[in-house]
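# Secondary and tertiary structure notes
If you want the building blocks of each chain, they are given just below.
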Amino acid sequence: MIETLAAAPGAEVEDLSASALLALARNRKAAEDRAAADLLEVAARWADLHPPESIHTAAVFSDGGRYGLEHEEPIAGEGCPAVAEFCVAELGTVIGISSTSAKRLIGHALELRHRLPRLWAQVQAGQVPAWRARTVAEATIHATPSLTVEAARWVDTQVAAVAGRIRPAQLDRLVAETIKRHHLDAHDPTSDPEDGWQHVDPRHATLHSEDVHYAGTMRFEAELDIADALDLDRALAHGAETLAALGWVAPLDSRRSQTLGDLARTQTALDLHAQGSSAARSEDGLPVAREVVLHAHFPASLASLDGPDTVFGPTGRLEEGQRLVLLEQVKDWCADSRTKITVKPVIDLTTELTAPGYDIPDRIREQVILRDRTCVFPWCTRPARGCDLDHVVPYDHDANPQGRPQPGATVSSNLAPECRRHHRLKTHTGWRNEVTAPGVYEWTSPHGHRYRRDRTGTTRISGADAGADPPDRP
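Read on for an overview of the structure. (Residues numbered from 1 in each chain as written. Predicted model: local features only at pLDDT ≥ 70, side-chain atom pairs only at ≥ 80, totals over all residues. Heavy atoms only, no water.)

## Notes on helix 14 (residues 420-428)
Defined as follows: Summary of the burial criterion: residues with accessible area below 20% of their type's maximum are buried, those above 50% are exposed, and those between are partly exposed, where the area comes from a 1.4 Å probe applied to protein chains only. Helix numbering and strand numbering both begin at the N terminus, where a helix is a DSSP run of H or I of at least 4 residues and a strand a DSSP run of E of at least 2.
Of all nine residues that make up helix 14, seven are buried, and the element is covered over most of its length. Residues Arg421, His422, His423, Arg424, Leu425, Lys426 and His428 constitute the buried set of helix 14.

## Section: the pattern of salt bridges
The condition is simple: A side-chain nitrogen of Lys or Arg and a carboxyl oxygen of Asp or Glu constitute a salt bridge if their distance falls within 4 Å.
Under the criterion given, the structure shown has 16 salt bridges. Among the ionic pairs, Arg256 bridges to Asp233, the shortest N-O distance being 2.9 Å. In this pair, Arg256 sits in helix 11 (residues 252-266) while Asp233 sits in helix 10 (residues 226-245), placing the two residues 23 residues apart along the sequence. By relative accessible area, Arg256 is classed as partly exposed at 22%. Residue class for Asp233 comes out partly exposed when judged on its relative accessible area of 38%. Salt bridges sharing partners connect three or more residues here, namely Glu85, Arg421 and Arg424.

## Regarding the side chain of Glu90
Spelled out, the test is: Residues adjacent in sequence count toward polar contacts only when both atoms are side-chain atoms; beyond that, a polar contact is any pair of N or O atoms within 3.5 Å, and within protein one must be able to donate a hydrogen and the other to accept it. Any two residues whose heavy atoms approach within 4.5 Å at even a single point are treated as in contact.
Structurally, Glu90 is set in helix 3 (residues 87-94). On the basis of relative accessible area, Glu90 is assigned to the buried category, the value being 7%. At a separation of 2.5 Å, a polar atom in the side chain of Glu90 contacts the side chain of Ser445. Only 3.4 Å separates the side chain of Glu90 from the backbone nitrogen of His447, close enough to count as a polar contact. Once residues lying within four places of it in the same chain are set aside, the contact partners of Glu90 are Trp46, Trp431, Ser445, Pro446, His447 and His449.

## So, a nonpolar patch on the surface
How we decide: The residues that make up patches have over 30% relative accessible area and no salt bridge, and they are joined within 9 Å when like-charged or within 5 Å when they are Val, Leu, Ile, Met, Phe, Trp or Tyr. We get accessible surface area from the Shrake-Rupley algorithm with a probe of 1.4 Å; when it comes to residues, only the shown protein chains can shield them.
The grouping of Leu39, Val42, Val94 and Ile95 at the surface amounts to a nonpolar patch, some 250 Å² of accessible area in total. Inspection of the secondary structure puts Val42 in helix 2 (residues 18-49). Residue classification places Val42 among the partly exposed positions, given a relative accessible area of 45%.

## Notes on the sheet that holds strand 16 (residues 457-462)
To keep things clear, this is the line we draw: Strands are treated as partners if at least two bridges between them are detected by DSSP. Between the N-to-C directions of two axes lies an angle of 0 to 180 degrees, each axis being a line fitted to C-alpha atoms and, for a helix, fitted only over the stretch in contact.
The four strands are arranged 13-14-15-16 in an open sheet whose pairing can be described as antiparallel. The outermost strands of the open sheet, each flanked by one partner alone, are strand 13 (432-437) and strand 16. On average, adjacent strands in this sheet sit at an angle of 25 degrees to one another, irrespective of strand direction. Relative to strand 15 (residues 450-454), strand 14 (residues 440-444) is paired through four bridges, and the arrangement is antiparallel. Bridging from a neighbouring strand, Tyr441 pairs with Arg453 of strand 15.

## Thoughts on the state of the cysteines
The line we're drawing: Criterion for a disulfide: a pair of cysteine sulfur atoms at a distance within 2.5 Å.
This model, assessed by the stated rule, comprises zero disulfides. Just so you know, Cys380 is unpaired, no disulfide at all, and the nearest cysteine sulfur is the one on Cys375, 3.7 Å from it. For Cys380, a relative accessible area of 5% translates into the label buried.

Given below as structure tokens:
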């Protein structure tokens, strides 16, 4: 029965016994781990095929040392080979991840193979899941100060023996402590490492901005000095009691969380730099503590805002981070007397706007940013507001003086936000981009893979023949 399911995933699962389901789950997990290990090996081999010396065509572009040239891309620690930068995007798109994630995948593969060989061997032998080894590689790549090859090998020796047997949190702590211990030993090899632990400062305050709950909240984690932690706890307890006394009916944890936000908005000590300046002030005379800029699209009938549009009620989009925001949250923000509200005019995203020259005026720039939201390269999520606006069909600066039609006019439909990495890639490599409709782009990779990108995301159109060689760059 399990062999049958291997050929047709999901078929006849209802007919399996409990023992057969457990066996199937075990087999599927083993296959998943094997595939992840194989992907690391593929990423490392892909890097081998694209060393810095493979850069030849892009290197002929000369723009005075500005951003156009492909360059060596160190993506792992000391002792790992460099990689030609533009090879990263092709691997990322073909497996459906962003260039940043692909860069991280290749970096982890090189770090494991060259600096953490014991972990690498255990991953390939199926003894340690690839994701566990990658967390170790991420830590050794970004250790501060950076780890030498010898230091990384020492961490590898300490961690590899138990990486497959301890819990993820224990593994994270072990790696961090091993790296810290090595730094202390390196600072004074004659001293007892235990004597130096007090000089390692573990304090931090970290916003996990990618961990957004469906209810519109984020997780904030901190490690404080003992006295500071106790003071903060007392302040939160007092604030929660105050909110309850004022009639706010909410659980204690919710009131403590609200108090923490109130502390951020009413801490005037941090605003001393604005004294005597023309900084915006609220009605109570204190500096404005919160500024919210919303780009919202509402239906023609405002009455529909009170209807059951979604499970959670009417929703909108907060441009920063492309996050869901509830209408009730917007109402709360606007009700705060110390919130600065910026109302921007409505922009029709379907109108074709034009400009006579190469420069892009603000009205067109804003329209394209709101239309596309992010960089339009497949699977890229960089916010459009921080991207270059690219003429998809290049603007010909000689066309107008010579009386020829302008092939790459500055119009809404010929403009696309592209982050600097992908703008360079589109300009100087075999990647091609075509506009099929306003805000809809079809990309073709050097190896012939095709993708459609619009405001809803990326869709794979077609692959390429196995073993096909990439076309020559023009």
